[in-house]
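An overview of the molecular structure
Read off the chains here:
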Amino acid sequence: MAKASAFIDIPASADEVWQLIGGFDTLPDWLPFIPKSELSEGGRVRSLQTADGAKVVERLETFDNTGKTYSYSILHAPFPATEYLATIKVEAQGQGARVTWSGRFTPDGVSETEVEALFAGIYQGGLEALRANYPA
């Protein structure tokens with residue numbers, strides 16, 4: 001099983017960051033390459049549209065508001081991976097917060113190195129977009 005992970009430190013409290021990213025339907029609020037999200041199945045499934053028009057469908061697997069973390073799987077996406085499970089976690093870090101986005105998955109038609117690089121880039125780019133919401 002392949003893995004990827006990225007983290008970023010943000011100059012805002014963990015509570016403030018979780019307020020922005022903790023909702024399963026909030027990606028369009030902080031992630032420019034996901035301009036549209038619609039919930040279904042009682043809020044457990046989100047259908048996302050990417051900036052280039054691709055569709056991604058994800059299922060919320062675990063949610064811990066107190067622990068400021070949730071995990072989700074991909075039901076449908078144009079990515080070369082199966083058995084995808086990712087986690088977003090916000091932790092207090094001094095006066096600020098550390099956000100970690102990590103995932104594990106099985107490559108499908110590409111090498112483990114290629115799919116790990118793909119998701120590491122997605123996670124890092126997403127976290128940098130999140131960081132842009134909090135000017136120093």
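Residues numbered from 1 in each chain as written. Predicted model: local features only at pLDDT ≥ 70, side-chain atom pairs only at ≥ 80, totals over all residues. Heavy atoms only, no water.

What to know about the overall build of the protein
What counts, and what does not: Each helix is a run of DSSP H or I of at least 4 residues and each strand a run of E of at least 2, with the numbering of both proceeding from the N terminus. Atoms considered for the radius of gyration are the C-alpha atoms alone. The globule rule reads 2.2 Å times the number of residues to the power 0.38. Relative accessibility decides the category of a residue: with a 1.4 Å probe and only protein chains considered, values under 20% of the type maximum give buried, values over 50% give exposed, and everything between is partly exposed. Throughout, a residue-residue contact means that at least one pair of heavy atoms, one from each residue, lies within 4.5 Å. Areas reported here follow the Shrake-Rupley algorithm with a probe of radius 1.4 Å; residue values treat only the protein chains shown as occluding. Just so you know, the count uses Lys and Arg for positive and Asp and Glu for negative, and it drops His and the chain ends. By convention, charge coordinates are those of NZ in Lys, CZ in Arg, CG in Asp, or CD in Glu.
In terms of regular secondary structure, the protein is built from 3 helices and 7 strands. In the protein, the succession of helices and strands from N to C terminus is β-α-α-β-β-β-β-β-β-α. Computed over its C-alpha atoms, the radius of gyration of the protein comes to 14 Å, within 12% of the 14 Å expected for a compact globule of 136 residues. Its C-alpha atoms put the protein at 45 × 35 × 25 Å along the principal axes. By the burial criterion, 39% of the 136 residues in the protein qualify as buried. For the protein, the proportion of contacts with a sequence separation of at least 24, taken over those separated by at least 6, is 50%. Carbon and sulfur atoms provide 49% of the accessible area of the protein, an area that totals close to 6900 Å². Between the centroid of the 11 positive side chains of the protein and the centroid of its 18 negative side chains there is a distance of 4 Å.

Structural notes on the pairing of strand E5 (residues 69-76)
Convention followed: A pair of strands is treated as paired once DSSP finds two or more bridges between them.
Examined bridge by bridge, strand E4 (residues 55-64) and E5 share 7 bridges and lie antiparallel to one another. Pairing of Phe-63 across the sheet is with Tyr-70, part of E5. Linking E4 back to E5 in an antiparallel pair, the connection comprises 4 residues, with Lys-68 at a positive phi of about 55°.

Concerning the nonpolar core
One broad trend across soluble globular proteins is that nonpolar side chains are buried collectively. Selection criterion: Put simply, buried Ala, Val, Leu, Ile, Met, Phe, Trp, Tyr and Cys residues joined by side-chain atoms within 4.5 Å make one nonpolar core.
With 38 residues, the main nonpolar core has Val-17, Ile-21, Val-99, Tyr-123 and Leu-130 as its most contacted residues. Of all the secondary structure elements, the ones that give two or more residues to this core are strand E1 (2-10), helix H1 (14-21), helix H2 (27-30), E4, E5, strand E6 (81-93), strand E7 (96-107) and helix H3 (112-131). The greatest single-element share of this core, amounting to 7 residues, is contributed by H3. With residues up to four places along the chain from it excluded, the contact list for Val-17 reads Ile-10, Ala-12, Val-90, Ala-97, Val-99, Leu-130 and Tyr-134.

Concerning the pairing of E4
Across 5 bridges, strand E3 (residues 45-49) lies against E4 in antiparallel orientation. Looking at the pairing, Val-45 lines up with Arg-59 of E4. Hairpin geometry of E3 and E4 is characterised by an intervening segment of 5 residues between the two adjacent antiparallel strands and by a positive phi of about 95° at Gly-53.

Quick notes on unusual backbone geometry
A positive phi angle is found at Glu-41, which is not glycine, with a value near 50°. Here Glu-41 shows up in the loop between strand E2 (36-40) and E3. Residue Glu-83 is not a glycine yet carries a positive backbone phi of 50°. Mapped onto the elements, Glu-83 comes out in strand E6. By relative accessible area, which is 56% here, Glu-83 ends up exposed.

Here's the deal with the sheet that holds E1
Selection criterion: Comment: axis = line fitted to C-alpha atoms, over the contacting stretch for helices; angle = value between 0 and 180 degrees taken between N-to-C directions.
The antiparallel open sheet is built from 7 strands, whose spatial order is E1-E7-E6-E5-E4-E3-E2. Looking at strand neighbours, the two that pair on one side only are E1 and E2, the edges of this open sheet. Neighbouring strand axes in the sheet, compared pairwise and without regard to direction, differ in orientation by 20° on average. Where E6 and E7 come together, 11 bridges link them in antiparallel fashion. Looking at the pairing, Leu-85 lines up with Arg-104 of E7. Sheet strands touched by H1: E1, E4, E5, E6 and E7. Its angle to E6, the strand with the most contacts, is close to 145°. Contacts from H3 reach E1, E6 and E7, with the element oriented near 15° to E1.

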